[in-house]
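If you want the building blocks of each chain, they are given just below.
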Amino acid sequence: HSKAGGRNDFQFFDSAMKEHLTQRMLLNNGLQEALKENQLEIHYQPRFDAQTAALTGMEALMRWKHPKLGNVSPDTFIAIAEESGLILKVDEWGLNEACKQNKRWQEEGFPKIPVSVNISVKHFYQGHLVEMARHALEKSHLEAKYLHLEITESLFIHHKKDVIDTVKELKRMGIKIAIDDFGKGYSSLIHLLKLPINEVKLDRFFIKDVHLNSKKMVIVKAITDIANTLKLNVVAEGVENEEEWKYIRQLRCSEVQGYLFSKPLSKEEFTAFLRNAGAVQGQRPPDNTAVGE
Ligand code: C2E
Ligand code: MG
Ligand code: MG
Ligand code: MG
């Protein structure tokens, strides 16, 4: 590299970095606004019994429609919010909204199924997760057994006493705890030992084309066996086709979630989905007009 080339490289990185930082700052400010201006929305993806495909629950997934940029992916805005600390407010909003909506569906007469809410690891270090969860349950009148919290290891989870105590207290309250994206985190297996969790969600990375990849088969089978032996629920994430499901079904995975069954649905779409599910399962749908007969 010549001296001049080096300097140009530096200038290039400098301006690219500035742009990157400006972009993140704009998005973070935008997100702050979004919280105030109702631009955030929760979508719900149903989950099912791996054997029978009966509806077992739903996952709350946040959506942001930026007035100028359009839909911003949660992978982008959650990461930015984690960096700035705004995630504490974002997750709190999502948790309250999901609890409220789940309770509403129960009151409307639909089958009572739990809602899983994604929670950033940041809450363990900077937030008041126990108080936040207690408050959300009180405000919504949702029973704790219908709330699951999914923790993704986007940051390292240490096993200091306060983290373990937080998980224990949530569990004592009756809330179920899942490790999300299991297998992709920093030290997934150690969590099984140290944290009193209820569930692991196998990352889609391992599910994708599992039927074509003998190494993935071995890993998925081993994790499922470990989880079953420890009496943990195992959910396969991101099941996209029949072949993947067939393999998952042969193992003792408890539940499945993925585009094969349903994409995440808006509140309104999920209501329609519940009506149809009720009709299929022979339960009386609460609104006769929605049934096509
Ligand atoms: P996640 O919790 O692992 O959620 C699963 C992601 O996979 C979702 O992406 C979902 O839409 C997608 N998905 C589901 N089935 C399939 C499938 O069959 N194929 C494929 N390719 N994808 C599938 P989404 O909604 O974009 O969310 C991305 C991540 O953002 C989530 O991953 C979660 O970690 C995070 N996230 C979403 N909402 C929240 C939230 O309210 N708070 C926090 N802290 N994180 C959230
Ligand atoms: Mg999740
Ligand atoms: Mg996941
Ligand atoms: Mg994920």
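Because the structure is a prediction, the values reported are computed rather than measured.

Rules used throughout
- Each chain carries its own residue numbering, running from 1 in the direction its sequence is written.
- Note on labels: chains are lettered from A, ligands numbered from 1, in written order.
- Where local features are concerned, this predicted model is filtered to residues with pLDDT of at least 70; where side-chain atom pairs are given and counted, the filter is 80 or more; whole-chain, interface and lining totals use all residues.
- Based on all heavy atoms of the structure, the side-chain values leave hydrogens and waters out of the count.
- For Na, K and Ca the donor cut-off is 3.2 Å, while for other metals it is 2.8 Å, and in both cases only N, O and S atoms qualify; water is not among them, so sites may look incomplete.
- Numbering goes from the N terminus for both helices and strands, where a helix is a DSSP run of H or I of at least four residues and a strand is a run of E of at least two.
- Classification of residues uses two cut-offs on accessible area relative to the type maximum, computed with a 1.4 Å probe and protein chains only: under 20% is buried, over 50% is exposed, and between them is partly exposed.
- Axis angles are defined between N-to-C directions and span 0 to 180 degrees, where every axis is a line fitted to C-alpha atoms and, for a helix, only to the segment in contact.
- In these notes the angle categories are as follows: under 35 degrees is roughly parallel, over 145 is roughly antiparallel, 65 to 115 is roughly perpendicular, and the rest is oblique.
- Helix crossings fall into two classes, left-handed where the near helix is turned counterclockwise from the far one by less than a right angle and right-handed where it is turned clockwise.
- In what follows, a contact means two residues having at least one pair of non-hydrogen atoms within 4.5 Å.
- For this scheme, ten residues count as nonpolar: Ala, Val, Leu, Ile, Met, Phe, Trp, Tyr, Cys and Pro. Four count as charged, namely Asp, Glu, Lys and Arg, and the remainder, Gly too, count as polar.
- What counts as a salt bridge is simple: a side-chain nitrogen of Lys or Arg found within 4 Å of a carboxyl oxygen of Asp or Glu.
- Note on terminology: near, applied to a residue and a molecule or strand, indicates that one of the residue's heavy atoms is within 4 Å of it.
- Here a polar contact is taken to be a pair of N or O atoms separated by no more than 3.5 Å, where protein atoms must pair a possible hydrogen donor with a possible acceptor and residues adjacent in sequence count only if both atoms sit in side chains.
- Accessible surface is estimated by sampling points in the Shrake-Rupley manner with a 1.4 Å probe; for residues, cover comes only from the protein chains shown.
- A cavity, in this analysis, means grid points on a 1 Å lattice covering only the protein atoms where a 1.4 Å probe fits yet has no way out; a pocket is instead an open set bounded by protein on both sides within 12 Å along at least five of seven lines, and a residue lines either one if it has an atom within 4 Å of a point.
- Placement in a cavity or pocket follows one criterion, namely that more than half of the molecule's atoms lie within 2 Å of its grid points.
- Grid points are joined across faces, edges and corners, and a volume is the space filled by probe spheres set on the points.
- By convention, a stacked pair of Phe, Tyr or Trp rings (six-membered ring in the case of Trp) has centres within 6.5 Å and planes under 30 degrees apart, an edge-to-face pair has planes over 60 apart, and any other such pair is tilted.
- Our definition puts a charge over a ring when NZ of Lys or CZ of Arg is within 6 Å of the ring centre and also within 35 degrees of the ring normal.

### As for the coordination of the magnesium ion (ligand 3)
Donor atoms from the polypeptide that bind the magnesium ion (ligand 3) are Asp180 (OD), Asp181 (OD), Glu237 (OE) and Glu237 (OE), placed at 1.9 to 2.4 Å. Expressed as a motif, the donor residue spacing for the magnesium ion (ligand 3) is D-D-x55-E. The metal-metal distance between the magnesium ion (ligand 3) and the magnesium ion (ligand 2) is 4.1 Å, with Asp180 coordinating both. Here Glu237 lies in the loop between strand E8 (233-236) and helix H10 (242-250) and Asp181 lies in strand E6 (residues 176-182), a separation of 56 residues in the sequence. On the accessibility criterion, Asp181 (24% relative accessible area) is partly exposed. Among the residues examined, Glu237 registers a relative accessible area of 11% and is labelled buried.

### Points about the packing of helix H5 (residues 129-140) against helix H6 (residues 161-173)
It is at 9 Å that the axes of H5 and H6 come closest, and there the two elements cross at 20°. By the angle class used here, H5 and H6 are roughly parallel. Seen from above, H5 lies across H6 with right-handed handedness. Residues Leu129, Val130, Ala133, Arg134 and Leu137 of H5 lie in contact with H6, whose contacting residues are Thr166, Glu169, Leu170 and Met173. Among the residues making up the contact of H5 with H6, the classes are represented as 6 nonpolar, 1 polar and 2 charged.

### Remarks on the pattern of salt bridges
Inspection of the entire model under this criterion finds 11 salt bridges. Where Glu59 meets Lys201, a salt bridge forms, and the shortest distance between an N and an O atom there is 2.9 Å. Of the two residues, Glu59 sits in strand E2 (residues 55-66) while Lys201 sits in strand E7 (residues 199-202), which places them 142 residues apart along the sequence. Judged by relative accessible area, which is 4%, Glu59 ranks as buried.

### Side note on unusual backbone geometry
A positive phi angle, near 65°, is found at Ala53, a position not held by glycine. Among the structural elements, Ala53 can be located in the loop between strand E1 (40-49) and E2. One non-glycine residue, His141, adopts positive backbone phi at about 60°. Positionally, His141 belongs in the loop between H5 and strand E5 (147-152).

### Quick notes on the site of ligand 1
Around ligand 1, the surrounding shell holds 25 residues, and the nearest of these are Arg63, Asp91, Asp180, Glu240 and Tyr259. One of the side-chain N or O atoms of Asp91 is found 2.7 Å from a nitrogen atom in ligand 1. Within the side chain of Asp181, one N or O atom sits 2.9 Å away from an oxygen atom of ligand 1. In isolation ligand 1 has 800 Å² of accessible area, and contact with the protein removes 84% of it. Assessed atom by atom at 2 Å from the grid points, ligand 1 resides in the largest pocket.

### Thoughts on the side chain of Lys201
A relative accessible area of 0% places Lys201 in the buried class. Looking at Lys201, its side chain comes within polar contact range of the side chain of Glu150, at 2.6 Å. Residues within four places of Lys201 in sequence aside, it is in contact with Arg47, Glu59, Glu150, Ala178, Ile179, Asp180, Asp181, Phe182, Val235, Glu237 and Gln257.

### Brief notes about the layout of surface pockets
Rolled over the atoms, a probe with the dimensions of a water molecule shows which regions are left empty. Counted as a void, the largest pocket has a volume near 1,200 Å³. For the largest pocket, the lining is made up of 42 residues, of which Leu61, Asp75, Asn118, Asp180 and Asp181 are closest to its centre. Going through the elements one at a time, E1, E2, helix H2 (74-84), helix H3 (87-107), strand E4 (115-120) and E6 are the ones with two or more residues in the lining of the largest pocket. The class makeup of the residues in the lining of the largest pocket is 16 nonpolar, 13 polar and 13 charged. In this model, the second largest pocket occupies a volume close to 180 Å³. Taken together, Asn38, Gln39, Leu40, Glu41, His43, Arg63, Trp64, Lys65, Asn71, Val72 and Ser73 make up the lining of the second largest pocket. Considering only residue class, the lining of the second largest pocket consists of 3 nonpolar, 5 polar and 3 charged.

### Some thoughts on the packing of aromatic side chains
In total, this model carries 9 aromatic pairs according to the counting rule given. When the ring centre of Tyr259 is taken as reference, the NZ or CZ atom of Lys263 above it lies at 4.6 Å.

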